[in-house]
Amino acid sequence: MTLIEAYRDDLRELVARLDENGAFAPGEREAWDEGIEEADQMSELMMTGEALHKAMVGREGVDEVVKEHTEERTQAFV
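From a predicted model like this one, the values you see are computed outputs, not experimental measurements.

What counts as what
Residues numbered from 1 in each chain as written. Predicted model: local features only at pLDDT ≥ 70, side-chain atom pairs only at ≥ 80, totals over all residues. Heavy atoms only, no water. Helix = DSSP H or I, 4+ residues; strand = E, 2+ residues; numbered from the N terminus. Rg over C-alpha atoms; globule rule 2.2 N^0.38 Å. Buried < 20%, exposed > 50% of the residue type's maximum accessible area, 1.4 Å probe, protein only. Contact = heavy atoms within 4.5 Å. Areas by Shrake-Rupley, 256 points an atom, 1.4 Å probe, with all protein chains shown as cover. Lys, Arg positive; Asp, Glu negative; His and termini not counted. Charge placed at Lys NZ, Arg CZ, Asp CG, Glu CD. Salt bridge = Lys/Arg side-chain N within 4 Å of Asp/Glu carboxyl O. Arc of directions from axis to C-beta. Core = buried A, V, L, I, M, F, W, Y, C linked by side-chain atoms within 4.5 Å.

Caption draft 1: Broad picture of the overall build of the chain. Scanning the chain from terminus to terminus reveals 4 helices and 0 strands. Written out in order from the N terminus, the α and β elements of the chain read α-α-α-α. Taking 2.2 N^0.38 as the reference for a compact globule, 78 residues should give roughly 12 Å; the C-alpha atoms of the chain span a radius of gyration of 12 Å, in line with that estimate. With the C-alpha coordinates aligned to their principal axes, the bounding extent of the chain is approximately 30 × 30 × 20 Å. Here the chain holds 78 residues, and the buried ones make up 28% of them. Here the analysis covers contacts within the chain between residues at least 6 apart in sequence; of these, 70% occur between residues at least 24 apart. Per element, the accessible surface of the chain, about 5300 Å² overall, is 53% carbon and sulfur. The averaged location of the 21 negative side-chain charges in the chain is 2 Å from the averaged location of its 8 positive side-chain charges.

Following this line, the structure appears as structure tokens:
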């Protein structure tokens, strides 16, 4: 698996978890999924990830989802 594939998978999973917790308005998840899929370069994926985090700041339940998602990734490297 390449770095871009791993990052794309990570963003997909984060979007899925945010969706499960009701963080998105109707149709918003699909827009994020499309942005993730259309990114051809690592820099585009990174900008999409940053935009996702920026857009989610302050939404209810997002901090917990991001913390859990990040903690799992961190533990994988320990």
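Caption draft 2: Quick look at the pattern of salt bridges. Applying the stated rule across the entire model yields 6 salt bridges. Between arginine 17 and glutamate 13 there is a salt bridge, with its nearest N and O atoms 3.2 Å apart. Remark: glutamate 13 and arginine 17 occur in helix H1 (residues 3-20); sequence separation between them is 4 residues, near one turn of the helix. For arginine 29, the salt bridge is made with aspartate 33, and the minimal N-O distance between the two is 3.0 Å. Here arginine 29 and its partner aspartate 33 are both found in helix H2 (residues 28-38), 4 residues apart, which amounts to about one turn of the helix. Here the salt bridges share partners, and the residues they tie into one network are Asp9, Arg12 and Glu37.

Caption draft 3: Molecular detail of H2. For H2, the complete set of buried residues consists of Glu28, Trp32 and Ile36. Summarising the axial view, the buried residues of H2 lie within an arc of 75 degrees, below the 170-degree limit, and thus occupy one face.

Caption draft 4: Quick look at the nonpolar core. Formed by 15 residues in total, the largest nonpolar core has its most connected members in Leu18, Phe24, Leu52 and Met56. Among the elements of the structure, H1, H2, helix H3 (42-56) and helix H4 (62-77) are those that each provide at least two residues to this core. For this core, the element with the highest residue contribution is H1, accounting for 4 residues. Setting aside anything within four residues of it in sequence, one finds phenylalanine 24 in contact with Val15, Leu18, Asp19, Arg29, Trp32, Leu52, Met56 and Arg59.

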